[in-house]
Amino acid sequence: QQPVQSPQAVILREGEDAVINCSSSKALYSVHWYRQKHGEAPVFLMILLKGGEQKGHDKISASFNEKKQQSSLYLTASQLSYSGTYFCGTEKNGNQFYFGTGTSLTVIP
Amino acid sequence: KAGVTQTPRYLIKTRGQQVTLSCSPISGHRSVSWYQQTPGQGLQFLFEYFSETQRNKGNFPGRFSGRQFSNSRSEMNVSTLELGDSALYLCASSLSQGEYEQYFGPGTRLTVT
């Protein structure tokens, strides 16, 4: 039931773009995105709800395809500060919350 | 506004002992969730409390329990510790249940020897 993320890891140069995908085998109620830097707690980035409503970061965008049970996070013009592990999180009708497998993103100068 | 606080930050216990971890949510937040993070299993949901009631529970044995107080502070207890319980335990608070973003505390690093 844990959402699967792809890619598992990606290395970018500053200024490049990246897309991180999150797929679930279960119907989704909402999708959350978090970033965790090494040795720190996860930090909220964005939440996407059924019906298209989004709440979150103004420099990061995301999409949520309810029919395909997928979400994608779009990082444009990446900065060194974007480095970290990205997790999607999903819930189904208020039931327990599942975090994805994680994507390690490294931005190099 | 103060963030989520967790105490203690680090803990070393031996097998068979029990441990209690504490979490104070952001002021005004009524929902508290607990997660276990390990390199092998990633972030796994333990349970969620809202208005002093456990609303959801993950797939963990009964040795893991928790509670929430009237001021929304929460505690998590693990009894009869096993080596595999070594992990970072994260607490997250949110305004309410449902589609609200979660704010994480710094975590408690538990080592079981």
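Nothing here was measured: the structure is a model prediction, and the numbers come from that model. (Residues numbered from 1 in each chain as written. Chains lettered and ligands numbered in written order. Predicted model: local features only at pLDDT ≥ 70, side-chain atom pairs only at ≥ 80, totals over all residues. Heavy atoms only, no water.)

Turning to the packing of aromatic side chains, a few remarks are in order. According to the stated counting rule, one finds 12 aromatic pairs over all chains in the structure shown. When the centroid spacing of 5.6 Å and the interplanar angle of 65° are considered together, the rings of Y34(A) and F99(A) count as edge-to-face. On the criterion of sequence distance, the pair formed by Y34(A) in strand β4 (residues 30–36) and F99(A) in strand β10 (residues 98–99) is long-range, its members being 65 residues apart. Each member of the pair, Y34(A) as well as F99(A), is classed as buried. An angle of 70° between the planes, with centres 5.6 Å apart, marks the rings of F47(B) and Y49(B) as edge-to-face. Its relative accessible area of 0% is what places F47(B) among the buried residues. The exposure class assigned to Y49(B) is buried, which follows from its relative accessible area of 4%. Feature note: the residues Y34(A), F44(A), F87(A), F97(A), F99(A), Y35(B), F45(B) and F104(B) constitute an aromatic cluster, connected by ring pairs. (Phe/Tyr/Trp six-rings, centres within 6.5 Å; stacked < 30°, edge-to-face > 60°. Helix = DSSP H or I, 4+ residues; strand = E, 2+ residues; numbered from the N terminus. Buried < 20%, exposed > 50% of the residue type's maximum accessible area, 1.4 Å probe, protein only.)

A full pass over the atoms with the stated rule returns 2 disulfides over all chains. One disulfide bridge connects C22(A) with C88(A), the sulfur atoms lying 2.1 Å from each other. Residues C22(A) and C88(A) are joined by a disulfide whose S-S torsion is about 70°; by sign, that bridge is right-handed. Of this pair, C22(A) sits in strand β3 (residues 18–23) while C88(A) sits in strand β9 (residues 84–91), placing them 66 residues apart in sequence. No difference in accessibility class separates C22(A) from C88(A), as the two residues are buried. Between C23(B) and C91(B) runs a disulfide, and the two sulfur atoms are separated by 1.7 Å. Of the two residues, C23(B) sits in strand β3 (residues 19–24) while C91(B) sits in strand β9 (residues 87–94), which places them 68 residues apart along the sequence. Each member of the pair, C23(B) as well as C91(B), is classed as buried. (Disulfide = S-S within 2.5 Å.)

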